[in-house]
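# A look at the structure
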Amino acid sequence: MADLNTTAALWWAVVASGLYHGINPGMGWPLAVSAALMERARGSLWKALAALAGGHLLAMTAILFPFSMLVSLVTWQREIQIGAACLVIGLGLYLLVNRRHPRFLARVPPSRLVLWSFLAATAHGAGLMLVPIYLGICDLAQEGAGHTAASTLMRSTLATATLVAVVHTLAMTAAGGTLAFGVYRWLGLKFLSRSWFNLDLLWALSLVLVGGLSLWHAL
Amino acid sequence: MNLRPDPTFHATPKLAMEAPAETLAFTLMLSPDGSQPDGLAVVDVDPKSKSYGQILHQVIMPYTGDEFHHFGWNACSSSLSPLTGHAFLERRYLIIPGIRSSRIYIIDVKEPLKAKIHKIIEPEEVFAKTGYSRPHTIHCGPEGIYVSTLGGGGPDGTDGPPGIFIMDCETFEILGRYEMDRGAQDKHYDFWWNLPRDYMVSSEWGLPPQFENGIVPEDLLSNKYGHAIHFWKLRERRNVQTIDLGENHQMALEIRPAHDPAKDYGFCGVVVDTTNLEGSIWTWWRKDDGTFEAKKTLTIPPQPAAPDDLPALLKGFEAVPPLVTDIDLSLDDKYLYVACWGTGEMHQYDVSDPMKPVLAGKVELGGIVADTKHPNGRDFAYGPQMVEISRDGKRVYWTNSLYSTWDDQFYPDDEGGQMVMAHVGENGGLTLDPDFYVEFPKGYRAHQIRLEGGDCSTDSFCYPSV
């Protein structure tokens, strides 16, 4: 029973991190507003959101899939969890120290939103933030399943990784889309500069927190 | 780094117009003969203040011979670009290049009345890191601060073409050249862009030997100054199209794109047509296929004059050319202000239809022949030159100097620096404020004006005004 609760909690964490990424302007919802206003067409808003979601999903899978391969090495599970946790904490600490205005994202032309979204998510470690949560889900699933053939296990961890990435991206798109549409339709662009908070510090701390929890769990 | 975007950053030009009015202006003071160091004057422009129209503070530089001209902010409304995803810079520093020395000053104006030098970038660093010299126009854009230059390498700035370089917007470190492919561009002056549409437009004045020691009449009469505008893929850093305005259209200077990024057009002012001494305004626009076109949409004729009233340079022509040396567009893209530095007039054109500018207002002040006095009865040296419009479009400020050596050729008997302001009528029209007249300290001339919180030639907007 405790396991079921933990599993549910971890899935909620996947959704919550998606919502969190979605409301962060740094993940791109203002681009959807800009697209709709520039093209003078509401459809452009949805098109831009789809491109941003695509890029975000790619960034999630690019991080999660390699880990899903590793997870099938059941004997090394603890080491993998510790390694992943350290990686996430490390990135969090790096982002805490390096608080510079990012430059390279500005080089991407506005017409290439998928690429932009992929790079933005990767640079912020949005995918890495999911890794400890994902590993936790896999861990619990395997405890329930006992010893299974490596190939079966890999298939199931890959499926879990895909599901985690999709659920996270859907939550992210729902949150960002709601904000983008709200600003486009009702709130107006004044809301943009009023609601834009510097989440850098919070974001870096979130990475450290997620990594720390996972490390504590693994040890 | 702020937790919220700087309150002076606005998503659209319309929101910028609704922001509180400016209370301070920053104006550059230059010593024409380099006998004193140049400076930055902080001017009170708050009509409710007791010191309205007075210089409240001066930052005097430690070196002489810089020759201040144009300047700009470290950050503007372009920080709200959805592409950078990071809106937390502060509008806090003014970047002031010396076009004669190639030295660059970073002035901290967080407390405007205690404005002070934050950093000095020595000319050697500019030369070494960019191969360019004589830095000029400043715009804050993607990747940092863009600085246009008028000269290439070597002592006279003709070793290689001039161009644009980029500076980090926090450390003010010079990062390097902008251009990947400059195409036919071999001279430089102004530049501006449309950020969401991802293009840039640049213009041409002349190479350093053509302006540093004064205008070279033979070069002008043989059409050797710049007469082309260049269109760039902004983020690809590539010149994709050059439009030659015709070699008689000498000196294509200020580039003023519509502030609303949904509009795909802008203006460029040409100083003089060598066939008839006219000044002209060109409208450029982007076509559906992504290429550009430009057309002369306004000409301003010269005024006949007796040779005795003219400086040596113009005696043979028996006329005063208007000399369109600066233009500026209001944030609602409605009025284009055109400085006629030769005839001594400031024109206001209604450009609601950008292809058909209509004269809506005019102020006469100074001028080579007219030499019109200010309504307060005082002299105005030279003519109306660098013009800046308040964000709300209701006040227009200008100063009088063009460039030290050129001032002396066109106005050999004038001296002094002044800044004045005119009010814009409800339906256009332009009237000088008799009570606003700033006289700069003896030995100084005045050039570009920047208004507190941004103005009509500093901020680039990333969202349309709807």
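Once a new chain begins, its residue numbering starts again from 1 and follows that chain's sequence as written. Both sets of labels track the order of writing: A upward for chains, 1 upward for ligands. Residue-level local features of this predicted model are given only where pLDDT is at least 70; pairs of side-chain atoms are given and counted only at 80 or more, and the full residue set underlies all totals for whole chains, interfaces and linings.

Let's shift gears to the overall build of chain B. Secondary structure is summarised from DSSP: a helix means a run of H or I of at least four residues, a strand means a run of E of at least two, and numbering begins at the N terminus for each. What chain B contains, in helices and strands, is 4 helices and 30 strands. Note on method: radius of gyration uses C-alpha positions; expected globular size equals 2.2 Å times residues raised to 0.38. Since a compact globule built from 466 residues should have a radius of gyration of about 23 Å, the 20 Å found for chain B is in line with a globular shape. Dimensions of chain B, computed from the C-alpha atoms along their principal axes, are close to 60 × 55 × 45 Å. Our exposure labels follow a C-beta count within 10 Å of each residue's own C-beta, placed from the backbone: buried means 20 or more other C-beta atoms, exposed means 12 or fewer, and partly exposed covers the counts in between. Taking all 466 residues of chain B together, the buried fraction comes to 58%.

Turning to the overall build of chain A, a few remarks are in order. Helices and strands together make up the secondary structure of chain A, namely 9 helices and 0 strands. What you see in chain A, going N to C, is helices and strands ordered as α-α-α-α-α-α-α-α-α. Against the compact-globule benchmark of 17 Å for 219 residues, chain A has a radius of gyration of 18 Å, which places it among compact chains. C-alpha extents for chain A along the principal axes are approximately 55 × 35 × 30 Å.

The next point concerns the environment of B:Phe172. Residue and element names in this part refer to chain B. Mapped onto the elements, Phe-172 comes out in the loop between strand 10 (164-167) and strand 11 (174-177). Assessed through the 18 C-beta atoms surrounding it within 10 Å, Phe-172 is described here as partly exposed. Separated by 28 residues in the primary sequence, Phe-172 and Gly-144 have C-alpha atoms spaced 9.0 Å apart. The contact criterion used is a C-beta to C-beta distance within 7 Å, with each C-beta placed from the backbone. Excluding its chain neighbours within four sequence positions, the residues that come into contact with Phe-172 are Ile-106, Lys-119, Ile-121 and Met-167.

With 28 residues of chain A in contact, the opposing surface of chain B contributes 33 residues. Taken together, the elements giving at least two residues each to the side of chain A that touches chain B come down to helix 2 (29-39), helix 5 (113-123) and helix 8 (190-195) of chain A. Looking at the side of chain A that touches chain B, the element that brings in the most residues is helix 2 of chain A, giving 5 residues. Classification convention: Asp, Glu, Lys, Arg as charged; Ala, Val, Leu, Ile, Met, Phe, Trp, Tyr, Cys, Pro as nonpolar; all other residues, Gly among them, as polar. Taken together, the residues of the side of chain A that touches chain B break down into 17 nonpolar, 6 polar and 5 charged.

Attention now goes to helix 5 of chain A. All of the buried residues along helix 5 of chain A are A:Leu113, A:Trp116, A:Ser117, A:Phe118, A:Ala120 and A:Ala121. In the stretch just after helix 5 of chain A, A:Gly125 is the one whose phi turns positive, near 70°.

In this section: the confidence of the model for chain A. Of the residues in chain A, 92% reach a pLDDT of 70 or more, and the chain-wide mean stands at 87. Of all helices and strands in chain A, the one with the weakest mean pLDDT is helix 6 (residues 126-145) of chain A (83), whereas helix 2 of chain A scores best (93). Per-residue confidence from the predictor is given as pLDDT, running between 0 and 100.

Our focus in this paragraph is the sheet that holds strand 26 (residues 387-389) of chain B. All names here are of chain B. The sheet built from 4 strands is open, its strands ordered 26-27-28-29 with antiparallel pairing. The open sheet terminates on both sides in strands that have one partner only, identified here as strand 26 and strand 29 (430-439). Along the sheet, successive strands turn relative to each other by an average axial angle of 20°, direction set aside. Strand pairing is defined by DSSP finding a minimum of two bridges between the two strands. Summarising the sheet, strand 26 and strand 27 (residues 395-399) pair through 3 bridges and their orientation is antiparallel. Following the sheet pairing, Glu-388 is matched in strand 27 by Tyr-397. Axes here refer to lines fitted to C-alpha atoms; in helices the fit is confined to the stretch in contact. Angles between the N-to-C directions go from 0 to 180 degrees.

Turning our eyes to something else, we now look at helix 9 (residues 200-218) of chain A. All names here are of chain A. Between its terminal C-alpha atoms helix 9 stretches 27 Å, which fits the 27 Å expected from 19 residues at 1.5 Å a residue. Buried within helix 9 we find Asp-200, Trp-203, Ala-204, Leu-207, Val-210, Gly-211 and Ser-214. All buried residues of helix 9 fall inside an arc of 125° around its axis, so they share one side. Opposite the buried face of helix 9, at more than 90 degrees from it, the exposed residues are Leu-202 and Trp-216. Helix span, as expected, comes to 1.5 Å for every residue beyond the first. For this quantity, the arc is that covered by the directions from the helix axis to the C-beta atoms.

Here we take up the packing of helix 4 (residues 77-97) of chain A against helix 9 of chain A. Residues and elements named next belong to chain A. Running from N to C, helix 4 and helix 9 cross one another at 160°; their axes reach a closest spacing of 8 Å. Classed by the angle they form, the pair helix 4 and helix 9 counts as roughly antiparallel. As for the relative orientation of helix 4 and helix 9, their crossing is left-handed in sense. Within the contact of helix 4 with helix 9, the residues separate by chemical class into 18 nonpolar, 5 polar and 2 charged. The cut-offs work like this: below 35 degrees is roughly parallel, past 145 is roughly antiparallel, 65 to 115 is roughly perpendicular, and the gaps in between are oblique. By convention, the crossing between two helices is left-handed when the near helix turns anticlockwise from the far helix through less than a right angle, and right-handed when the turn is clockwise.

All names here are of chain B. Tracing the backbone through its elements, the reader meets Gly-425 in the loop between strand 28 (418-424) and strand 29. With 13 C-beta atoms counted inside 10 Å, the residue Gly-425 sits in the partly exposed group. Between the C-alpha atoms of Gly-425 and Pro-5, which are 420 residues apart in sequence, the distance is 33 Å.

Moving on to the pairing of strand 28 of chain B. All names here are of chain B. With 6 of its 7 residues buried, strand 28 lies for the most part within the structure. Here strand 27 runs beside strand 28; their pairing, made up of 5 bridges, is antiparallel. The residue of strand 28 that forms the bridge with Tyr-397 is Met-421. Relative to strand 29, strand 28 runs antiparallel, the two being bridged by 6 bridges.

Take the sheet that holds strand 17 (residues 265-273) of chain B next. All names here are of chain B. An order of 16-17-18-19 is seen for the 4 strands of this open sheet, with the pairing classed as antiparallel. Only two strands of the sheet have a single neighbouring strand rather than two, namely strand 16 (249-257) and strand 19 (292-300). If you compare each strand with its neighbour and ignore which way they point, the axes differ by 25° on average. Here strand 18 (residues 279-286) pairs with strand 19 via 8 bridges, running antiparallel. When the sheet's bridge partners are listed, Ile-281 is paired in strand 19 with Leu-298.

Residues and elements named next belong to chain B. Within the chain, Glu-67 stands out as a residue other than glycine whose phi angle is a positive 55°. Take Glu-67: it is sitting in the loop between strand 3 (55-64) and strand 4 (72-73). For Asp-198, which is not glycine, the phi torsion reads 65° and is therefore positive. By secondary structure assignment, the location of Asp-198 is in the loop between strand 12 (191-194) and strand 13 (199-202).

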